[in-house]
Amino acid sequence: MQQTVRLIALRTVTYSDSRAILTAYSREYGRMSFLIPAGAGREATRRRSILQPLALVECIANTRPANDISRMSEPRPLLPLHNIRANPIRAAIATFIAELLSAALRESQPDPALFDYLATAIPLLDTLPPGNIPNYHICFIYHLGEVLGISPDTETYRPGAIFDFRDGIFRLTPPPHTDILTPQASEVLHTISRITFANMHRFLLTRTQRAEIIAAMLRYISIHHTPLPELRSLPVLHMLFD
């Protein structure tokens, strides 16, 4: 069956000399894979420009249930995202987020609320003033956890508390395991719980704090949602922001 679908491009890998496989997240079907042209031809070049990581696209998809890999036709961008493509810092953040989503969104079931969050948050990366960019991915990950339904219980925080990854709460005494944050990192995590895309420019974090809080949020997702592999794009982000 052919149907119009809206999707967010995540990852493209080479399948053969003339074909590649695109992994995307769609509003209508959840995670999907598409066979698309590869190589140096005009159509392959056009598709690559449209289907870069985090591109928001509408297309006609062949959605027969028997096919694990669908085919698409008439892809068109829903938003241009010119600044993400032209700016190396925005592009590095987009690459990281696309890699994270490709690893985290392994289930094929659709989640309209999740898609709508992504479709709202991604264009912000394209339009943010430069001073707002350093904390964008931190804000993105924290609220991704909220949409996935795995938010930590920040109401349990008290000064000097440590964060318990397994139970998702703050404790004044250590639990009988080592999946915890130090009191200093726990305080930063609690502070970050108030971050929004509107106020994120007010959070002044050092490179060390930023790296610690990203590592903590990724670890939390691995425990409560799906195990995440080592993200190859993450070290690049650590080098970008002081």
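Criteria and cut-off values
- Residues numbered from 1 in each chain as written.
- Predicted model: local features only at pLDDT ≥ 70, side-chain atom pairs only at ≥ 80, totals over all residues.
- Heavy atoms only, no water.
- Pairing = 2+ DSSP bridges.
- Helix = DSSP H or I, 4+ residues; strand = E, 2+ residues; numbered from the N terminus.
- Axes fitted to C-alpha atoms, helices over the stretch in contact; angles between N-to-C directions.
- Contact = heavy atoms within 4.5 Å.
- Core = buried A, V, L, I, M, F, W, Y, C linked by side-chain atoms within 4.5 Å.
- Buried < 20%, exposed > 50% of the residue type's maximum accessible area, 1.4 Å probe, protein only.

### A look at the sheet that holds strand E4 (residues 56-62)
Then, in step 1: Spatially, the 5 strands close up into a barrel ordered E1-E2-E3-E5-E4, and their pairing is mixed. Between one strand axis and the next, the sheet turns by 55° as a mean value, whatever way the strands run.
Then, in step 2: Relative to strand E3 (residues 30-37), strand E2 (residues 19-26) runs antiparallel, the two sharing 8 bridges. When the sheet's bridge partners are listed, Ser26 is paired in E3 with Gly30.
Then, in step 3: Across the sheet, helix H1 (residues 42-50) lies against E3, E4 and strand E5 (70-77), angled at about 70° from E5, the strand it touches most.

### What to know about the nonpolar core
Then, in step 1: In terms of nonpolar packing, the biggest core is built from 63 residues, with Leu101, Leu118, Tyr136, Phe140 and Ile192 touching the most fellow members.
Then, in step 2: Listing elements by their share of this core, those giving two or more residues are strand E1 (2-14), helix H3 (88-104), helix H4 (112-127), helix H5 (136-148), helix H6 (183-192), helix H7 (207-224) and helix H8 (234-240).
Then, in step 3: Sequence-distant contacts of Leu101, defined by excluding residues within four places in its chain, comprise Leu10, Arg31, Leu54, Leu118, Phe140 and Leu144.
Then, in step 4: Ranked by size, the runner-up nonpolar core spans 17 residues in total, among them Val5, Ala20, Leu22 and Met72.

### Some remarks on the pairing of E5
A regular strand places its side chains on the two faces of the sheet in alternate fashion.
Then, in step 1: As judged from the 2 bridges shared by E3 and E5, these two strands associate in the parallel manner. Paired with Phe34 across the bridge in E5 is Ser70.
Then, in step 2: Note that E4 and E5 share 4 bridges and pair antiparallel. If you follow Val57 over to E5, its bridge partner there is Pro77.

Keep in mind these numbers describe shape, not what the thing actually does.
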